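Each chain is listed here by its residues.
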Amino acid sequence: MLLNSGVAIGATAIQGLHAQAKPPTYVVVAIRKVNDAATYKTGVIDKAGPVIAAAGGRFVVRTDKITSFDGTPPQRFVLLAFDSPEKAQAWHDSAAEKDIDAVRVKTTDSLSFMVEGMSN
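Along each chain, numbering runs from 1 in the same order as the chain's sequence is written. Note on the predicted model: pLDDT of at least 70 is required for a residue's local features to be given, and 80 or more for side-chain atom pairs to be given and counted; whole-chain, interface and lining totals, by contrast, use all residues. Hydrogens and water molecules were not included; the side-chain quantities draw on all heavy atoms of the structure.

Visitor: Residues and numbers for the packing of helix α3 (residues 85-93) against helix α4 (residues 95-107), please.
Guide: In helix packing, the relevant descriptors are the interaxial angle and the interaxial distance, both defined with respect to the helix axes. Only the contacting stretch of a helix is used when fitting its axis, a line to C-alpha atoms as for every element, and angles between N-to-C directions run 0 to 180 degrees. Helix numbers and strand numbers start at the N terminus; a helix is a DSSP run of H or I with at least 4 residues, a strand a run of E with at least 2. Running from N to C, α3 and α4 cross one another at 65 degrees; their axes reach a closest spacing of 5 Å. If you check the angle between α3 and α4, you find them roughly perpendicular. Listed contacts from α4 to Trp91, His92 and Asp93 of α3 are Ala95, Glu97, Lys98 and Asp101. Looking at the contact of α3 with α4, its residues break down into two nonpolar, one polar and four charged. These descriptions rest on fixed angle ranges, namely under 35 degrees for roughly parallel, over 145 for roughly antiparallel, 65 to 115 for roughly perpendicular, and the rest for oblique. Only heavy atoms matter for contacts: two residues are in contact if any of them lie within 4.5 Å across the pair. Under the convention adopted here, Pro, Cys and the residues Ala, Val, Leu, Ile, Met, Phe, Trp and Tyr are nonpolar, Asp, Glu, Lys and Arg are charged, and Gly plus all remaining residues are polar.

Visitor: I'd like to hear about the sheet that holds strand β4 (residues 108-116), residue by residue, with values.
Guide: With antiparallel pairing, the four strands of this open sheet are ordered in space as β2-β3-β1-β4. Two strands lie at the open edges of the sheet, namely β2 (58-63) and β4, each paired on one side alone. Taking each pair of neighbouring strands and ignoring which way they run, the sheet shows an average axis angle of 10 degrees. At least two DSSP bridges between two strands are required for those strands to pair.

Visitor: Go over the pairing of strand β1 (residues 25-34), please, and point to the residues and values.
Guide: Remark: exposure states derive from per-residue accessible area (1.4 Å probe, protein chains only) relative to the maximum for the residue type, with buried under 20%, exposed over 50%, and partly exposed in between. Most of β1 is tucked away: seven of the 10 residues are buried. One ladder, built from seven bridges, connects β1 with strand β3 (residues 76-82); its direction is antiparallel. Following the sheet pairing, Val27 is matched in β3 by Leu80. Two elements, β1 and β4, share nine bridges in a ladder whose sense is antiparallel. In the strand pairing of β4, Lys33 is matched with Asp109.

Visitor: Requested: an account of the nonpolar core, with residues and values cited.
Guide: As a rule of thumb, nonpolar side chains are buried together in soluble globular proteins. What is meant by a nonpolar core is a set of buried Ala, Val, Leu, Ile, Met, Phe, Trp, Tyr and Cys residues, joined one to another through side-chain atoms within 4.5 Å. Membership of the largest hydrophobic core comes to 15 residues, with the highest contact counts inside it found for Val27, Ile52, Leu80, Phe82 and Trp91. Listing elements by their share of this core, those giving two or more residues are β1, α2 (37-54), β3 and α3. The element best represented in this core is α2, accounting for five residues. Every residue in contact with Val27, bar those within four places of it in the chain, is listed here: Val78, Leu79, Leu80, Phe82, Ala88, Trp91, Phe113 and Met114.

Visitor: Help me get a handle on the packing of α2 against α4, residues and values and all.
Guide: The geometry of α2 relative to α4 is characterised by a closest axis approach of 9 Å and an angle of 150 degrees between their N-to-C directions. Classed by the angle they form, the pair α2 and α4 counts as roughly antiparallel. For the crossing formed where α2 meets α4, the hand is left-handed. Judged by residue contacts, Thr39, Tyr40, Gly43, Val44, Lys47, Ala48 and Val51 of α2 engage Ala96, Glu97, Ile100, Val103, Arg104 and Thr107 from α4. Take the far helix as your reference; a near helix turned counterclockwise from it by less than a right angle gives a left-handed crossing, and one turned clockwise gives a right-handed crossing.

If you want it as C-alpha coordinates, here you go:
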(Lines give C-alpha, C1' and ligand atoms only; values in the text may rest on other atoms or scores of the structure.)
Protein backbone atom coordinates (compact mmCIF):
# COMPACT_ATOMS: atom_id res chain seq x y z
CA MET A 1 0.00 0.00 0.00
CA LEU A 2 2.84 2.42 0.85
CA LEU A 3 4.55 1.68 -2.48
CA ASN A 4 1.39 2.46 -4.45
CA SER A 5 0.99 5.77 -2.61
CA GLY A 6 4.59 6.70 -3.42
CA VAL A 7 4.12 5.89 -7.09
CA ALA A 8 0.92 7.96 -7.21
CA ILE A 9 2.59 10.94 -5.54
CA GLY A 10 5.57 10.70 -7.90
CA ALA A 11 3.34 10.51 -10.97
CA THR A 12 1.34 13.53 -9.79
CA ALA A 13 4.53 15.51 -9.19
CA ILE A 14 5.86 14.71 -12.66
CA GLN A 15 2.57 15.73 -14.27
CA GLY A 16 2.70 18.99 -12.34
CA LEU A 17 6.24 19.71 -13.53
CA HIS A 18 5.28 19.05 -17.14
CA ALA A 19 2.26 21.34 -16.81
CA GLN A 20 4.50 24.15 -15.49
CA ALA A 21 7.07 23.85 -18.30
CA LYS A 22 6.92 26.74 -20.72
CA PRO A 23 6.74 25.96 -24.42
CA PRO A 24 9.88 26.85 -26.36
CA THR A 25 10.12 30.13 -28.21
CA TYR A 26 11.40 30.33 -31.77
CA VAL A 27 12.88 33.20 -33.72
CA VAL A 28 12.34 33.03 -37.47
CA VAL A 29 14.60 34.93 -39.87
CA ALA A 30 13.67 34.81 -43.54
CA ILE A 31 16.28 36.28 -45.87
CA ARG A 32 14.40 37.01 -49.06
CA LYS A 33 17.49 38.33 -50.86
CA VAL A 34 21.13 38.96 -49.98
CA ASN A 35 22.27 42.25 -51.55
CA ASP A 36 25.87 42.28 -50.24
CA ALA A 37 27.09 38.72 -49.67
CA ALA A 38 30.58 39.58 -48.40
CA THR A 39 29.40 42.01 -45.73
CA TYR A 40 26.50 39.72 -44.80
CA LYS A 41 28.93 36.83 -44.26
CA THR A 42 31.41 38.77 -42.10
CA GLY A 43 28.82 40.88 -40.26
CA VAL A 44 26.06 38.31 -39.71
CA ILE A 45 26.93 34.70 -40.49
CA ASP A 46 30.38 34.76 -38.86
CA LYS A 47 29.20 36.60 -35.72
CA ALA A 48 25.68 35.28 -35.02
CA GLY A 49 26.49 31.84 -33.58
CA PRO A 50 28.43 32.93 -30.48
CA VAL A 51 25.93 35.73 -29.71
CA ILE A 52 22.98 33.32 -29.93
CA ALA A 53 24.74 30.67 -27.81
CA ALA A 54 25.71 33.25 -25.15
CA ALA A 55 22.01 34.17 -24.83
CA GLY A 56 20.96 30.54 -24.36
CA GLY A 57 19.67 30.06 -27.90
CA ARG A 58 20.51 27.47 -30.52
CA PHE A 59 20.15 27.02 -34.24
CA VAL A 60 17.40 24.61 -35.31
CA VAL A 61 17.65 25.47 -39.01
CA ARG A 62 20.25 27.58 -40.83
CA THR A 63 20.14 26.92 -44.56
CA ASP A 64 19.92 28.12 -48.11
CA LYS A 65 18.66 24.71 -49.30
CA ILE A 66 14.96 25.51 -49.58
CA THR A 67 12.34 23.84 -51.78
CA SER A 68 9.15 25.80 -52.35
CA PHE A 69 5.80 24.05 -52.37
CA ASP A 70 4.09 27.27 -53.44
CA GLY A 71 5.14 30.88 -53.64
CA THR A 72 8.62 32.33 -53.74
CA PRO A 73 10.84 30.90 -51.01
CA PRO A 74 13.38 33.00 -49.15
CA GLN A 75 16.99 32.76 -50.32
CA ARG A 76 18.02 31.79 -46.79
CA PHE A 77 16.10 30.62 -43.70
CA VAL A 78 17.10 30.59 -40.03
CA LEU A 79 15.15 29.15 -37.10
CA LEU A 80 16.45 29.71 -33.55
CA ALA A 81 15.15 28.12 -30.36
CA PHE A 82 15.10 29.68 -26.90
CA ASP A 83 13.70 28.32 -23.63
CA SER A 84 11.35 31.28 -23.16
CA PRO A 85 10.14 34.49 -24.77
CA GLU A 86 12.10 36.40 -22.14
CA LYS A 87 15.39 34.79 -23.24
CA ALA A 88 14.61 35.42 -26.89
CA GLN A 89 13.75 39.05 -26.16
CA ALA A 90 16.92 39.52 -24.08
CA TRP A 91 19.00 38.14 -26.98
CA HIS A 92 17.21 40.44 -29.44
CA ASP A 93 17.73 43.46 -27.16
CA SER A 94 21.46 42.80 -26.55
CA ALA A 95 23.98 45.27 -27.98
CA ALA A 96 25.78 42.51 -29.89
CA GLU A 97 22.57 41.36 -31.60
CA LYS A 98 21.54 44.92 -32.40
CA ASP A 99 24.87 45.33 -34.25
CA ILE A 100 24.30 42.07 -36.17
CA ASP A 101 20.71 43.03 -37.00
CA ALA A 102 21.86 46.40 -38.32
CA VAL A 103 24.21 44.65 -40.76
CA ARG A 104 21.49 42.16 -41.74
CA VAL A 105 19.02 44.95 -42.48
CA LYS A 106 21.61 46.85 -44.58
CA THR A 107 22.77 43.83 -46.58
CA THR A 108 19.53 41.92 -47.14
CA ASP A 109 15.83 42.10 -47.81
CA SER A 110 14.72 40.15 -44.76
CA LEU A 111 12.37 39.89 -41.83
CA SER A 112 12.53 38.37 -38.38
CA PHE A 113 9.95 37.56 -35.74
CA MET A 114 9.38 35.54 -32.57
CA VAL A 115 6.77 32.79 -32.20
CA GLU A 116 5.73 30.63 -29.28
CA GLY A 117 6.10 26.89 -29.79
CA MET A 118 3.93 24.09 -28.47
CA SER A 119 4.42 22.23 -25.20
CA ASN A 120 5.34 18.59 -25.54
